[in-house]
Amino acid sequence: MAHQSLSQAVTNAVAQAIQLAVVDGELPTSVLDVPVDIKRPSQNVAGDYATTFCLQAAKTSGLSTSVIFEALLPYLEQTGFFTSAAFAQPGFINFELSPAAIDTYASYALHDNAPTMVEDPHTYNVEYVSVNPNGPITVAAARGAVIGDVLSRVLKTVGHDVTREYYVNDGVNSEQMRLFGKSVKHHAWTALEIPSSMPANGYQGAYVEAIAKAMVSKYGKDFLLEQDVAFFQSTAQAMMIAQQKSELAGFGVEFDVWSHEQELYESGKDIATLAKMKESGALVEKEGALWLNSSAFGDQENRVVLRSDGRPTYVAGDIAYHWDKYQRGHDRLIDLLGPDHHGYIPRLKAGVAAVGEDPDTLFVLIFQAVRFIKDGEAVLMRKRDGNLYTLSDLTEELAIELGSAQAAKDVVRFFYLYMSANKHVDFDLSLAVKQAAENPCFYAQYAHARCCSVLTKAGEPEPGAQWALLSTAQEKTLLFKCLELPAEITRVAEDYGVHRLAHYAVDTAKLYHAFYEHCKVILPDNPKLSNARKALVLLVKQTLASVLGILGVSAPETM
RNA sequence: GCCCCGGUAGCUCAGUGGAUAGAGCAGCGGCCUUCUAAGCCGUUUGUCGGAGGUUCGAGUCCUCUCCGGGGCGCCA
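Right, let's walk through the structure included here. As the structure is a computational prediction, the values presented were derived from the model and not from experiment.

The sheet built from 5 strands is open, its strands ordered E7-E6-E5-E11-E12 with parallel pairing. Where the open sheet ends on each side, the last strands, each with one partner, are strand E7 (257–260) and strand E12 (362–366). On average, adjacent strands in this sheet sit at an angle of 25° to one another, irrespective of strand direction. For strand E11 (residues 332–337) and E12, the ladder comprises 5 bridges, and the chain directions are parallel. Looking across to E12, one finds that leucine 333 is bridged to leucine 362. Sitting on the sheet, helix H12 (residues 314–327) is in contact with strand E5 (123–127), strand E6 (161–168), E7, E11 and E12, with an inclination near 160° to E6.

This is the structure:
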């Protein structure tokens, strides 16, 4: 069971002071509705924590900020949490924490710096990657892979139930997959030196040839000659899925459930879903087809779910899939999609509503494009043309450059996680390799290695460290930074902005490196201070290991 | 035409309506006989794309606009 974090405790102390002031009639009751925000003050301001409460309360109460502060001050002092609370224009209060408060919460953090569990845990389903089973994992898909992976871990950390899911678009009647099957067959025929022609817009590229050749050596000419396109389609598809699974696993990305589109069709769930949607009045008939009322959800126009020839569309199957996820007990669905799918959101929301679920429980997160730069120019990645830049290409190149597969994986994950999902990324291999050596990933990892080294030399701290002895700016800033980790994780679990954790790691490392240069830990003449610093180093080490762990990046003990 | 994302330091990017907008990298100048120099310290750099508006207060919210990227199928 995690203890209350320091920032929560400060918030509670201030809130309590406000309540008491209201009870005594010193402040109007209206201020109780003002949210209490607690932040670290900006760099050049003295104080451990700050609040803008007076500024907010002035708005609703009509009182001046200084009057509010004067009314509140005695109650703030009563809490015993602060050694000082100072007013600063235009209406900030800057607090200095009491040594007892620092001791208490730093000790809690050293024991367990985990976030508090959410009060209303959800049963999340996080669906990510889900690329068609007709190609390898590209650098574009890899972005969604790490984001989904880390997001899942964050949600679990704060107490949600999380299922990580991959949706395999393996519909046997899919035009794309049939074309893929035909293309593989053509390449197999070519490998067997049998005259054959490439289907129009067929799949090219070395990986398609590799699949065809693998089939040839596995099944032999005589057997293959008797097979139809369906065989090539299903076999090549199975090989691609296996390859994707292994590429992702090598990248530290795993799934609990692999769902198959074709199974939905075979069990008739798409038909059942159409019936359900029709029953709820969400479908309209026009030109012989059934249309979903997605325009009511911001779509430009309604979308066909049942074609005039009686075949359900892909959307019908996808809505069936989402309904299925709800029926399996998930009350929150997250879809992590690429930017080319943003126009698809209203359709999904409309579909979810049409089967009787709350569209606000479906969260479609869009991560922006990863462009592939070749000879200085942006090139569209197209599987069909074989113009791919795969995750394996990237990690293998980096592994050679860095001399370590682990380092390559760490750097790529960190690179993706360091910027927010709605930032475009240009991926130039030569640049990526160059940037790898300068990646903030190493900066953060190095801080962890340094912590380990110090603790090895200095020994572990004795229990009962006196944290208040940490009095320099470097020590206090570093300590408070570590104590912020739980709040940081909690926030990410609420707004899904995983990039903030990578920045947190770099920021913490920055503060540790500064501390390291200014504050010796091994002090034979001052055992109490030495012990407090050892405790701080241990806390930093645990904090960095914890955040790097969530990011799926290794925390090396030596570098 | 409509929709989504971006535009912040030389480069890559953070920034929850609050204080003098910050990191990493690159540049320049220093620092290894003492806990890892993949480091630290100092220093240089900003019309937060532009114009209005809301607000006590705007990089952040609203409107318009410019530039870049992506999307708009009875494909999946």
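Once you've had a look at it, read on.
All right, on to the environment of threonine 65 then. Note that threonine 65 resides in helix H3 (residues 65–78). Owing to a relative accessible area of 15%, threonine 65 belongs among the buried residues under this scheme. Spatially, the C-alpha atoms of threonine 65 and threonine 313 are 61 Å apart, while their sequence positions differ by 248 residues. When near neighbours in sequence (up to four residues on either side) are disregarded, threonine 65 contacts Cys54, Leu55, Ala58, Phe87, Pro90 and Gly91.

What follows is about the side chain of asparagine 125. Examined against the element boundaries, asparagine 125 turns out to sit in strand E5. Ignoring sequence-local partners within four residues, the contact set of asparagine 125 consists of Thr163, Glu165, Lys325, Arg328, His330, Arg332, Leu333 and Ile334.

So, on to the packing of aromatic side chains. The full count for this structure, using the stated rule, is 27 aromatic pairs. On the numbers, 5.4 Å between centres and 90° between planes, the contact of tyrosine 105 with tyrosine 108 is edge-to-face. Of the two residues, tyrosine 105 and tyrosine 108 are both situated in helix H4 (residues 99–111); the distance of 3 residues between them amounts to about one turn of the helix. A residue is classified by how much of its surface remains accessible, and tyrosine 105, at 12% relative accessible area, is buried. With relative accessibility at 29%, the residue tyrosine 108 sits in the partly exposed group. Measuring from centroid to centroid gives 5.7 Å for phenylalanine 363 and tyrosine 496, while their planes differ by 85°, and the two rings are edge-to-face. In this pair, phenylalanine 363 is assigned in strand E12 and tyrosine 496 in the loop between helix H19 (485–495) and helix H20 (499–518), connecting sequence segments 133 residues apart. The exposure class assigned to phenylalanine 363 is partly exposed, which follows from its relative accessible area of 23%. In this structure an aromatic cluster arises from ring pairing among Phe81, Phe82, Phe95, Tyr105 and Tyr108. Arginine 413 extends its terminal NZ or CZ atom over the ring of phenylalanine 251, reaching a point 5.8 Å from the ring centre. The ring of tyrosine 516 carries the charged tip of arginine 450 above its face, separated from the ring centre by 3.8 Å.

Cut-offs used in this document
- Residues numbered from 1 in each chain as written.
- Chains lettered and ligands numbered in written order.
- Predicted model: local features only at pLDDT ≥ 70, side-chain atom pairs only at ≥ 80, totals over all residues.
- Heavy atoms only, no water.
- Pairing = 2+ DSSP bridges.
- Helix = DSSP H or I, 4+ residues; strand = E, 2+ residues; numbered from the N terminus.
- Axes fitted to C-alpha atoms, helices over the stretch in contact; angles between N-to-C directions.
- Contact = heavy atoms within 4.5 Å.
- Buried < 20%, exposed > 50% of the residue type's maximum accessible area, 1.4 Å probe, protein only.
- Phe/Tyr/Trp six-rings, centres within 6.5 Å; stacked < 30°, edge-to-face > 60°.
- Lys NZ or Arg CZ within 6 Å of the ring centre and 35° of its normal.

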